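# Observations on chain architecture
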Amino acid sequence: MKITEIETIPYAIPYTKPLRFASGEVHTAEHVLVRVHTDEGLTGVADAPPRPFTYGETQKSVTAVIEDLFAPQLMGLDVFARERIHALLHRTVGNPAAKSALDMALWDIAGQSCGRPVTELLGGHTDRMRVSHMLGFDTPQRVAEEAERIRATYGITVFKVKVGRHPVRADLDVCRALREILGEQVELYVDGNRGWTASEAATALRELDDLGLTLAEELCPADDVLGRRRLVRHCRVPFVADESATTPAEVTRSLLDGDATAISIKTARTGFTGSQRVLFQCEGLGAEVVMGNQIDGQLGTVCTVAFGAAHAASSRRAGELSNFLDMSDDLLTESLAIAGGTLAVPGGPGLGVAIDEDKLARYRQDH
Ligand code: MUC
Ligand code: MG
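Attention in this report is confined to the structure presented alongside it. (Residues numbered from 1 in each chain as written. Chains lettered and ligands numbered in written order. Predicted model: local features only at pLDDT ≥ 70, side-chain atom pairs only at ≥ 80, totals over all residues. Heavy atoms only, no water.)

In this section: the overall build of the protein. If you tally the helices and strands in the protein, you get 15 helices and twelve strands. Overall, the protein is about 60 × 40 × 40 Å in size when its C-alpha atoms are taken along their principal axes. Across the 367 residues of the protein, 59% fall into the buried class. For the protein, the share of sequence-separated contacts (at least 6 apart) that also reach a separation of at least 24 residues comes to 73%. Just so you have it, the protein exposes about 14,300 Å², and 49% of that area is on carbon and sulfur atoms. Distance between charge centroids for the protein: 4 Å, based on 38 positive and 51 negative side chains. (Helix = DSSP H or I, 4+ residues; strand = E, 2+ residues; numbered from the N terminus. Buried < 20%, exposed > 50% of the residue type's maximum accessible area, 1.4 Å probe, protein only. Contact = heavy atoms within 4.5 Å. Areas by Shrake-Rupley, 256 points an atom, 1.4 Å probe, with all protein chains shown as cover. Lys, Arg positive; Asp, Glu negative; His and termini not counted. Charge placed at Lys NZ, Arg CZ, Asp CG, Glu CD.)

What follows is the structure, given as structure tokens:
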């Protein structure tokens, strides 16, 4: 089955509530919908969420690199020649969201062509994941109110708290308020998006020691080589590398060098093929993984839960699957529903979802 056309459709959907964190903030989902068409009439779809502050990609760069470089190289290739396709894509450095969207759209086609969900092709371990909700910067009272609302509405009891502000106290107060108001039954962990120095992070972890945090993510830059290693060595919970370890090679170096003891896997930046490489390496090296969220919409979230649920090691911890709740609208014909603190993988062939063409026409920005 041959690739005949690749569409890149920029679209913009506002957030009802912006997400603020140490390395940036997001007010509008300015993503690119990628559709791969074939000579057998099957079409694969995936979403590319550019994050300029982390990977340097923008909506325009994603569209341009696919249209100008990748699409001409991939035209006419067999959709199942994944290794050949990846060899071509990797002749260009960077551009993780653009490459990942192409990879996942091809898996969508593979699933459709054999009538099975992608999650089964990837591993078929389970059909759902527990959900972790991400809490952005705000006052202690407002963050706690949001967490209470999310727990009451969706049954979510795992929260990732964004930290990395100055003064450090602002974040410590938020974490303490969450524990006091939500009680011992919720799981809390923190993500600094490299906002603190290693010594600020060490002080913060000491101050939060009694809160029972379960993970600490990117509290300081991995480029602060010795400080970061010292921090990781003394951290009592798994220290997660997210944006500092975004390829299988970076993951290996990060774990072997002592820059991290766990890894965040994001399908938006390693697709399904690269995410499996990262996951299997982590298993081989004895490092835990978390399914992370690149501030995905519903289509991106479907990819994350499909991958996470497919393997024992990626479904063990709650996955970050709820950022889409703060979007004012989305593109899928059927909305995802989080209930009882879990999200089920859609059941149909491929990714099991369809794009609402009326909504796409409303939000697309290319005409
Ligand atoms: C996270 O885990 O860091 C913020 C930026 C991004 O790309 O992902 C988010 C969440
Ligand atoms: Mg992170």
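Now that the structure has been shown, we can carry on.
Taking 1.5 Å per residue as the helical rise, helix α4 (residues 96-114) with its 19 residues ought to reach 27 Å, and the 27 Å between its terminal C-alpha atoms agrees with that figure. In terms of burial, α4 is largely enclosed, as 16 of its 19 residues are buried. With its phi angle positive at about 70°, Gly115 sits one or two positions after the end of α4. (Expected span 1.5 Å × (residues − 1).)

Bringing the coordination of the magnesium ion (ligand 2) into the picture now. Of the protein atoms, only Asp191 (OD), Glu217 (OE) and Asp242 (OD) coordinate the magnesium ion (ligand 2), at distances of 2.0 to 2.2 Å. When the donors of the magnesium ion (ligand 2) are listed by position in the chain, the intervening gaps give D-x25-E-x24-D. Remark: Asp242 occurs in the loop between β8 (239-241) and α10 (248-257) and Asp191 occurs in strand β6 (residues 187-191); sequence separation between them is 51 residues. The same class applies to Asp191 as to Asp242, namely buried. (Donors = N, O, S within 2.8 Å, 3.2 Å for Na, K, Ca; no water.)

Overall, the coordinates contain zero disulfides when judged by the stated rule. Considering cysteine sulfurs only, Cys303 is the nearest to Cys114, which forms no disulfide, with 16 Å between them. Among the residues examined, Cys114 registers a relative accessible area of 43% and is labelled partly exposed. Not part of a disulfide, Cys235 finds its nearest cysteine sulfur in Cys220, a span of 10 Å. You can call Cys235 buried: its relative accessible area is 12%. (Disulfide = S-S within 2.5 Å.)

Our focus in this paragraph is unusual backbone geometry. Cis geometry is found at the peptide bond from His166 to Pro167, where omega equals -5°. Of note, the phi angle at Asn95 is positive, near 55°, even though the residue is not glycine. Examined against the element boundaries, Asn95 turns out to sit in the loop between α3 (82-89) and α4. In this model, Glu218 sits at a positive phi of 40°, which is unusual for a non-glycine residue. Mapped onto the secondary structure, Glu218 falls in the loop between β7 (216-217) and α9 (225-234).

Time to look at the sheet that holds strand β1 (residues 3-21). With antiparallel pairing, three strands are arranged side by side in an open sheet as β1-β2-β3. Of all the strands in the sheet, the pair left with one neighbour each is β1 and β3 (43-48). The mean angle between the axes of side-by-side strands here comes to 20°, regardless of whether they run parallel or antiparallel. Sheet topology places strand β2 (residues 24-38) next to β3; six bridges connect them, and they run antiparallel. From the neighbouring strand, Leu33 faces β3, where its bridge partner is Asp47. On top of the sheet, α4 reaches β1, β2 and β3; it is set at about 150° to β3, its chief contact. (Pairing = 2+ DSSP bridges. Axes fitted to C-alpha atoms, helices over the stretch in contact; angles between N-to-C directions.)

Scanning all chains against the criterion turns up 28 salt bridges. For Arg229, the salt bridge goes to Asp257, with nearest N and O atoms at 4.0 Å. Linking Arg229 in helix α9 with Asp257 in helix α10, this pair joins segments that are 28 residues apart in sequence. You can call Asp257 partly exposed: its relative accessible area is 36%. For Asp329, the salt bridge is made with Lys359, and the minimal N-O distance between the two is 2.9 Å. Of this pair, Asp329 sits in the loop between β11 (319-320) and β12 (342-344) while Lys359 sits in helix α15 (residues 357-363), and the two are 30 residues apart along the sequence. Overall, Asp329 belongs to the buried group, its relative accessible area being 16%. Connected via shared salt-bridge partners are Lys160, Lys162, Asp191, Glu217 and Glu320. (Salt bridge = Lys/Arg side-chain N within 4 Å of Asp/Glu carboxyl O.)

Attention now goes to the packing of helix α6 (residues 140-154) against helix α7 (residues 168-182). Helices that pack against each other are described as a pair by the angle of their axes relative to one another and the distance between those axes. In contact at an axis separation of 9 Å, α6 and α7 are set at 40° when each is read in the N-to-C sense. As summarised for this structure, α6 and α7 are arranged oblique, according to the angle between their axes. Crossing angle aside, the handedness with which α6 passes α7 is right-handed. On the side of α6, the interface is formed by Pro140, Val143, Ala144, Ala147, Glu148 and Arg151, while α7 contributes Asp173, Val174, Ala177, Leu178, Ile181 and Leu182. Across the contact of α6 with α7, the residue classes break down as nine nonpolar, no polar and three charged. (Parallel < 35°, antiparallel > 145°, perpendicular 65-115°, else oblique. Left-handed = near helix turned anticlockwise from the far one by under 90°. Nonpolar A, V, L, I, M, F, W, Y, C, P; charged D, E, K, R; others polar.)

By themselves, these figures tell us nothing about what the structure is for.
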